[in-house]
Amino acid sequence: MIRPLTLTPYPDLSQIGIVGDGHTAALVTDEGVVEWWCPERFDAPSVFARLVDAEDGGYFTTGLPVHHKKTAYYEEGTNVMVSVLRTADASVRVTTFMPYPRDRTPILIRLVSSIGLPIDVTATFAPAFRYGEVRPVLEQERTGISARGGGEALRLFSTVEMEIGDGRADATIRFSGGDVHAFVLAYGDGADCPDPRGYAERLLEATRAYWREWSGRCTYTGQCRADVLRSLLSLKLIQYAPAGTFIAAPTLGLPEQPGGMRNWDYRYVWLRDGVFVVMAFESTGYAEEADAFRRWLASLLRRDPPDRLQPLYTVDQGREVEERDLEDAEGYRHSRPVHVGNGAGAQFQLDTYGEVMLCFHRAPRLMQGPEGPAIWEALRRLVDWVCDNWQQPDAGIWEIRGGNYQQIFSKAMAYMAVRRGIEIAAENGFPAPLERWERVRDEIWSFVNTEGYSSEVGAYIQMTERTDADVAMLLFPIVGVTDYHHERFKNTVRYIEDQLDEEGYLQRYIIDDNLPGREGAFLPACFWMATVKANQGDLDGARDWYARAYRAASPLGLFSEEIDGVGRVMLGNFPQALTHLSHVLAAWAIEHRHG
């Protein structure tokens, strides 16, 4: 007899973990529910999307039909997730992972075992393709169950027999102490799995070995090593291995304000964020990951001229990121609309050019190697274009919708684009119109320090003709715009703390951004503040800001982009690359200054 599960709709993000295979990732709750999976790659359509549509989005689960206690953790040094579900007399261990690296077929594996008295576990396989828009037909096959619809197939191989009903397959399994059952989900028609348990256990050992070897390469040895390593492991999970690049987050539609409309698709490559990921990996011994992103970026720059450079791309350098709405999706906790694609791809974000130049300025080996001259030609064109266009208003680092503005962080990064271009040319003997570049560099710097600095408030401001604080200014010394100890910067730090601190966290800004509602506090900025304080020699302040920000981590050590500082509720797409990389850089800065 099937004993149905009562599933929590829209679990807190703090209850969710991530597993992945270098092409995509799945989100799994501590109750053992697979809430989100886009098998082919990060930005492909989903087969499970319960996270944004509890009724029709689709899911897979193995859990207890009775009330239970639960805990979740990652096996040390790995991205193998374990949930432990307990009753008074027994416990069930649910191990979920994706084989890493992926071979050919997208596969999600689960092993379930029990300890103690006999206990019933219910398994449910309820896929819904294309964000719930396609309801597949389930059929029993010789070695498993297939779900087919819309030209797609998802197959479930398991050690238990499941009963097919209305769009789903269920089983209630009586576990005795020591029993183990396996579930192998394979996307497409290519796989067959006559021995699910043996197959799952072999791949589990291989995946554990891969992750432990990778973790062993981490050069950070500070007191926060376990926490830093978890952030690095999470960043590695959102790397698209075939190209070597990184997405911002593996999800879409997770709101910055529950019930509101600030719900974006983050499954793309932001050039800006990728450059900061490079900094995090290089600082902790992972040069291979950093170099892989630079090669991807260099290829992109050789293809796309500066006037066509987008702020974000698909994982394979695709430009098609147009935004549309999932009309029928309920949205996470009724937060609508649910967007697929991201309209920011069509914006002009001037600061991106500065971050791109920073990426290659930090790579003398690459620029002095055989690829250097070809990369330089692309970079030279980019700097020339910035010299011609730096005065244009833009949407900026915060991607403000509904209009462009003269934003000071953008101008500062335009200054850095020209400055780094001059330095790369000089250091490598590359041809460049240096006299012109030096003149424009100085013009931009003068603009930043006249139009961008308010004597009224004594700080760098967000945009001209206003005196609003902008937390992006904390990045000035981190990316090299100015020194940590420069008086104007120190004044700006004080202004940011005064204007943007809310419940111990930092807002991005306080201006009207042309969208209804408001967002939560911005966690990356709290780690930026810790980095700034550490480099200014204020270690107590640095540790205080670090501790505040780290309190926002989930029990699994994962971060969202934002947090409600009052209710400590995670907000935004999850897990968020920018928060994790900022965490790594802050921990490194504190340890470096301490040492």
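So, here's what we can say about the structure. (Residues numbered from 1 in each chain as written. Predicted model: local features only at pLDDT ≥ 70, side-chain atom pairs only at ≥ 80, totals over all residues. Heavy atoms only, no water.)

**Considerations on the overall build of the chain**
Step number 1: For the chain, the helix and strand inventory stands at 15 helices and 29 strands.
Step number 2: In terms of overall size, the chain behaves like a compact globule, its C-alpha atoms giving a radius of gyration of 25 Å where 595 residues would be expected to give roughly 25 Å.
Step number 3: Evaluated residue by residue, the chain yields a buried proportion of 65% over its 595 residues.
Step number 4: Excluding contacts between residues fewer than 6 apart, the proportion of contacts in the chain whose partners are at least 24 apart in sequence is 67%.
Step number 5: Summed over all atoms, the accessible surface of the chain reaches about 21400 Å², with 47% contributed by carbon and sulfur.
Step number 6: Taking the average place of the 60 positive charges on the side chains of the chain and the average place of its 84 negative ones, the gap between the two points comes to 4 Å. (Helix = DSSP H or I, 4+ residues; strand = E, 2+ residues; numbered from the N terminus. Rg over C-alpha atoms; globule rule 2.2 N^0.38 Å. Buried < 20%, exposed > 50% of the residue type's maximum accessible area, 1.4 Å probe, protein only. Contact = heavy atoms within 4.5 Å. Areas by Shrake-Rupley, 256 points an atom, 1.4 Å probe, with all protein chains shown as cover. Lys, Arg positive; Asp, Glu negative; His and termini not counted. Charge placed at Lys NZ, Arg CZ, Asp CG, Glu CD.)

**Concerning the pattern of salt bridges**
Step number 1: According to the stated counting rule, one finds 50 salt bridges in the structure shown.
Step number 2: The closest approach of N and O atoms between Asp 304 and Arg 303, which form a salt bridge, is 2.8 Å.
Step number 3: With a relative accessible area of 4%, Asp 304 lands in the buried category.
Step number 4: Linking Arg 319 and Asp 304 is a salt bridge whose minimum nitrogen-to-oxygen distance equals 2.8 Å. Here Asp 304 lies in the loop between helix 5 (287–303) and strand 20 (312–313) and Arg 319 lies in the loop between strand 20 and strand 21 (324–325), a separation of 15 residues in the sequence.
Step number 5: Salt bridges sharing partners connect three or more residues here, namely Glu 75, Arg 93, Glu 205, Arg 208 and Arg 212. (Salt bridge = Lys/Arg side-chain N within 4 Å of Asp/Glu carboxyl O.)

**A short note on the pairing of strand 3 (residues 33–37)**
Step number 1: Of all the 5 residues making up strand 3, 5 are buried; the element is thus mostly covered by neighbouring parts of the structure.
Step number 2: Summarising the sheet, strand 2 (residues 25–29) and strand 3 pair through 3 bridges and their orientation is antiparallel. What sits directly across from Val 28, in strand 3, is Val 34.
Step number 3: Counting the residues between successive antiparallel strands, the hairpin from strand 2 to strand 3 contains 3 residues, one of them, Gly 32, with a positive phi of roughly 95 degrees.
Step number 4: Pairing of strand 3 with strand 5 (residues 59–63), which is carried by 2 bridges, proceeds in the antiparallel orientation. The residue of strand 5 that forms the bridge with Val 33 is Thr 61.
Step number 5: Relative to strand 4 (residues 48–49), strand 3 runs antiparallel, the two sharing 2 bridges. (Pairing = 2+ DSSP bridges.)

**A look at the sheet that holds strand 16 (residues 180–187)**
Step number 1: Overall, antiparallel pairing links the 8 strands, which are arranged 6-7-8-9-16-13-12-11 in an open sheet. Of all the strands in the sheet, just strand 6 (69–74) and strand 11 (137–140) have a single pairing partner and so form its edges. Going across the sheet, the axis of each strand differs from the next one's by a mean of 15 degrees, ignoring polarity.
Step number 2: In terms of strand pairing, strand 8 (residues 90–97) meets strand 9 (residues 107–116) through 8 bridges, oriented antiparallel. From the neighbouring strand, Phe 97 faces strand 9, where its bridge partner is Ile 109. (Axes fitted to C-alpha atoms, helices over the stretch in contact; angles between N-to-C directions.)

**Let's talk about the side chain of Ser 554**
Step number 1: Here Ser 554 is to be found in the loop between helix 14 (539–550) and strand 28 (562–564).
Step number 2: Overall, the relative accessible area of 7% leaves Ser 554 in the buried class.
Step number 3: What Ser 554 contacts, discounting residues up to four positions off in sequence, is Ser 14 and Met 570.

**Digging into the nonpolar core**
Step number 1: Grouped together as the largest cluster of nonpolar side chains are 194 residues, with contacts concentrated most on Phe 125, Leu 297, Phe 360, Leu 379, Leu 506 and Trp 528.
Step number 2: With 12 residues, the single largest contributor to this core is helix 9 (residues 408–428).
Step number 3: Judged by nonpolar contacts, the second largest core, of 13 residues, contains Val 80, Phe 157, Ala 191 and Ala 200. (Core = buried A, V, L, I, M, F, W, Y, C linked by side-chain atoms within 4.5 Å.)

**Points about the environment of Asp 273**
Step number 1: Its location among the elements puts Asp 273 in helix 4 (residues 271–283).
Step number 2: The exposure class of Asp 273 is buried, given its relative accessible area of 11%.
Step number 3: Separated by 39 residues in the primary sequence, Asp 273 and Leu 312 have C-alpha atoms spaced 9.5 Å apart.
Step number 4: Residues in contact with Asp 273, not counting those within four places in the same chain, are Ala 248, Gln 576, Leu 578 and Leu 581.

Don't take any of this as a statement about function, it's just geometry.
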